[in-house]
Amino acid sequence: MSIEPSLAMRPDELTWNERGLVPAIVQDAHTGQVLMHAYMNRESLAKSLETGETWFWSRSRQMLWHKGMTSGHVQRIVEIVADCDADVILVRVEPAGPACHTGRTSCFHRPLARRLEEGALGLVSDEVDLQ
């Protein structure tokens, strides 16, 4: 990954949505696999930077949550990088276990569709394993 240190920014320079959140894509720093997507608010980002582990804002529970708090599968932060518009962040981590509550390595394991040669969409086989 090509990171430009001269373009470093402060958290207050991020583009927060109307609810004060920014989408966070979590990626395994060693394999490059996308592990999960969640949201951070200013407080969870500050706690993440302070502790070196991921903290998120639960939109459904309206509270902070520390990834791995109950499972032990914490995510140690290697780096956090904003996209070109500063409205999404990529959190590169060293995971201590699966990211998904189902026990899978990644939350992204449910293929929806693939394009068929005729241009129509068809279901992907259940045999596809994205792990």
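A brief look at the structure comes next. Note that the coordinates shown come from a computational prediction; the quantities given were computed from them, not determined experimentally.

1. Focus on the overall build of the chain
At step 1: Within the chain, the secondary structure is distributed over 1 helix and 8 strands.
At step 2: Shown N-terminal to C-terminal, the secondary structure of the chain runs as helices and strands in the order β-β-α-β-β-β-β-β-β.
At step 3: When burial is assessed residue by residue, the chain has 34% of its 131 residues classed as buried.
At step 4: In the chain, the proportion of contacts linking residues at least 24 apart, taken out of those at least 6 apart, comes to 41%.
At step 5: About 8600 Å² of surface is accessible on the chain, with carbon and sulfur atoms providing 51% of the total.

2. Looking at the sheet that holds strand E6 (residues 89-95)
At step 1: The mixed open sheet is built from 4 strands, whose spatial order is E2-E1-E6-E5. The strands lining the two open edges of the sheet, one partner per strand, are strand E2 (34-40) and strand E5 (75-82). Shown here is a sheet whose adjacent strand axes are inclined to one another by a mean of 25°, direction ignored.
At step 2: The pairing of strand E1 (residues 22-28) with E2 spans 6 bridges and is antiparallel. Looking across to E2, one finds that Ile25 is bridged to His37.
At step 3: Together, E2, E5 and E6 form the strand contacts of helix H1 (residues 42-51), whose direction differs from that of E2 by roughly 125°.

3. Some details on the pattern of salt bridges
At step 1: In total, this model carries 4 salt bridges according to the counting rule given.
At step 2: Of the charged contacts, one joins Arg10 and Glu13 as a salt bridge, the two residues approaching to 3.9 Å between their closest N and O atoms.
At step 3: Looking at Glu13, the relative accessible area reads 38%, which means it is partly exposed.
At step 4: What emerges from the salt-bridge pattern is a single network uniting Arg10, Asp12 and Glu13.

4. Focus: unusual backbone geometry
At step 1: Positive phi is not limited to glycine here, since Gln62 has a value of about 55°.
At step 2: Within the element layout of this structure, Gln62 appears in the loop between strand E3 (55-58) and strand E4 (63-66).
At step 3: Phi at Ala86 is positive, roughly 60°, even though this residue is not glycine.
At step 4: Within the fold, Ala86 resides in the loop between E5 and E6.
At step 5: Classification of Ala86 as buried rests on a relative accessible area of 10%.

Calculation rules
- Residues numbered from 1 in each chain as written.
- Predicted model: local features only at pLDDT ≥ 70, side-chain atom pairs only at ≥ 80, totals over all residues.
- Heavy atoms only, no water.
- Helix = DSSP H or I, 4+ residues; strand = E, 2+ residues; numbered from the N terminus.
- Buried < 20%, exposed > 50% of the residue type's maximum accessible area, 1.4 Å probe, protein only.
- Contact = heavy atoms within 4.5 Å.
- Areas by Shrake-Rupley, 256 points an atom, 1.4 Å probe, with all protein chains shown as cover.
- Pairing = 2+ DSSP bridges.
- Axes fitted to C-alpha atoms, helices over the stretch in contact; angles between N-to-C directions.
- Salt bridge = Lys/Arg side-chain N within 4 Å of Asp/Glu carboxyl O.

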